[in-house]
Amino acid sequence: QQTRNLIMKMLALLLLFFLQQRVHGLTSGDLRLWRDGSSNQSYSYGRLQIYVGGKWGEICDDEFGKTEADVACHQLGFVDSTWNDSDSSSGIPDSFGDISDVVLSELYCPTDDYLHLLRCAFTQGRHTCNGNGYISLYCNPSRIWDKPYIGQIRLILGNYTSEGLAQIYCNGEWGTICGDNYYGIGDIEADTVCRQLGYTGSSST
């Protein structure tokens, strides 16, 4: 009985930390890889879609190349892309399922150091895809946190790239940050975490 109570207390404590550390909700610029009518954070390839203007949509492949593909893969948590010029659909329907409306075009990143695609230049509201030219993205399946550095931050267990349980790499291992009301994460700390991940701010609770 004592062991059971201890386990229940530990689970409750973990749940409390989870709730207090969670950065949640879809935000503009979230990415997903779409395959066979669904997406999953474990996917390393699929048709690239972005959340803009309150909906998921396609990115037109004009201007999109290796640099932009690397930025997208970084944002999705992978080390880089395996992009080549044939990865856009080029008018040939891909095998990844239904196609949504185009929401971004002329996406251009001058360097792959960007952490978020919406930090790059882009056009919204007009495009020249006209039923073809969408992005089939293939990322290197190695995760950016497979070889972490001290102080690196990641979000896990989320449904989208901008949400999840915040973890930090310290003393040779990944761990959560205490979420108590006195020393835990508040709005300022949550904003700092999100900015380190490439976002403008947080919507933590």
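Everything below is about the structure printed above this text.
Bear in mind the structure is a predicted one, so any value in this text is a computation, not a measurement.

On to the overall build of the protein chain, then. Of the regular secondary structure elements, the protein chain holds three helices and 11 strands. In the protein chain, the order of α-helices and β-strands from amino to carboxyl end is α-β-β-β-β-β-α-β-β-β-β-β-β-α. Counting every position in the protein chain, which comprises 205 residues, the buried fraction comes to 42%. Taking contacts inside the protein chain between residues at least 6 apart in sequence as the whole, the part at least 24 apart equals 67%. In the structure as shown, the protein chain presents an accessible area of about 11200 Å², 52% of it carried by carbon and sulfur atoms.

Among the structural elements, His 116 can be located in the loop between strand S6 (102-108) and strand S7 (121-123). Discounting chain neighbours no more than four positions away, the residues touching His 116 are Ser 28, Gly 29, Val 71, Gln 75, Gly 198 and Tyr 199. Looking at His 116, its side chain comes within polar contact range of the main-chain nitrogen of Leu 118, at 3.2 Å.

Attention now moves to unusual backbone geometry. Positive phi values are uncommon outside glycine, yet Glu 63 reaches one of about 75 degrees. Mapped onto the elements, Glu 63 comes out in the loop between strand S5 (55-59) and helix H2 (66-75). For Glu 63, a relative accessible area of 54% corresponds to the exposed category. In this model, Glu 106 sits at a positive phi of 50 degrees, which is unusual for a non-glycine residue.

This paragraph deals with the side chain of Gln 152. Looking at the element boundaries, Gln 152 is found in the loop between strand S8 (136-138) and strand S9 (153-156). Apart from residues lying up to four places away in sequence, Gln 152 is in contact with Ile 144, Trp 145, Lys 147, Gln 167, Ile 168, Tyr 169, Trp 174 and Gln 196.

Each pocket or cavity is described by its volume, and for the largest pocket that value is around 580 Å³. Along its surface, the largest pocket is lined by 28 residues, and His 74, Gly 77, Ile 144, Trp 145 and Leu 197 are the ones closest to its centre. Elements represented by at least two residues in the lining of the largest pocket include exactly H2 and S9. Ranked by the residues each element gives to the lining of the largest pocket, the list is headed by S9, at four residues. Taken together, the residues that form the lining of the largest pocket break down as 14 nonpolar, nine polar and five charged.

Turning next to the pattern of salt bridges. This structure, assessed with the given rule, holds three salt bridges. The shortest N-O distance in the salt bridge between Arg 47 and Glu 58 comes to 3.1 Å. Of this pair, Arg 47 sits in strand S4 (residues 45-52) while Glu 58 is found in strand S5, placing the two residues 11 residues apart along the sequence. Given a relative accessible area of 0%, Glu 58 falls into the buried group. One salt bridge in this structure joins Lys 66 and Asp 70, with 3.2 Å as the shortest N-O distance. Within this pair, Lys 66 and its partner Asp 70 are both found in helix H2, separated by four residues, close to a single helical turn. Lys 66 gets classed as partly exposed once you look at its relative accessible area, which sits at 37%. What makes Asp 70 buried here is its relative accessible area of 7%.

Definitions and cut-offs
- Residues numbered from 1 in each chain as written.
- Predicted model: local features only at pLDDT ≥ 70, side-chain atom pairs only at ≥ 80, totals over all residues.
- Heavy atoms only, no water.
- Helix = DSSP H or I, 4+ residues; strand = E, 2+ residues; numbered from the N terminus.
- Buried < 20%, exposed > 50% of the residue type's maximum accessible area, 1.4 Å probe, protein only.
- Contact = heavy atoms within 4.5 Å.
- Areas by Shrake-Rupley, 256 points an atom, 1.4 Å probe, with all protein chains shown as cover.
- Polar contact = N/O pair within 3.5 Å; in protein donor to acceptor, adjacent residues only side chain to side chain.
- 1 Å grid on protein atoms, 1.4 Å probe; cavity = no way out; pocket = protein on both sides within 12 Å on 5 of 7 lines; lining within 4 Å.
- Points joined across faces, edges and corners; volume = space filled by probe spheres on them.
- Nonpolar A, V, L, I, M, F, W, Y, C, P; charged D, E, K, R; others polar.
- Salt bridge = Lys/Arg side-chain N within 4 Å of Asp/Glu carboxyl O.

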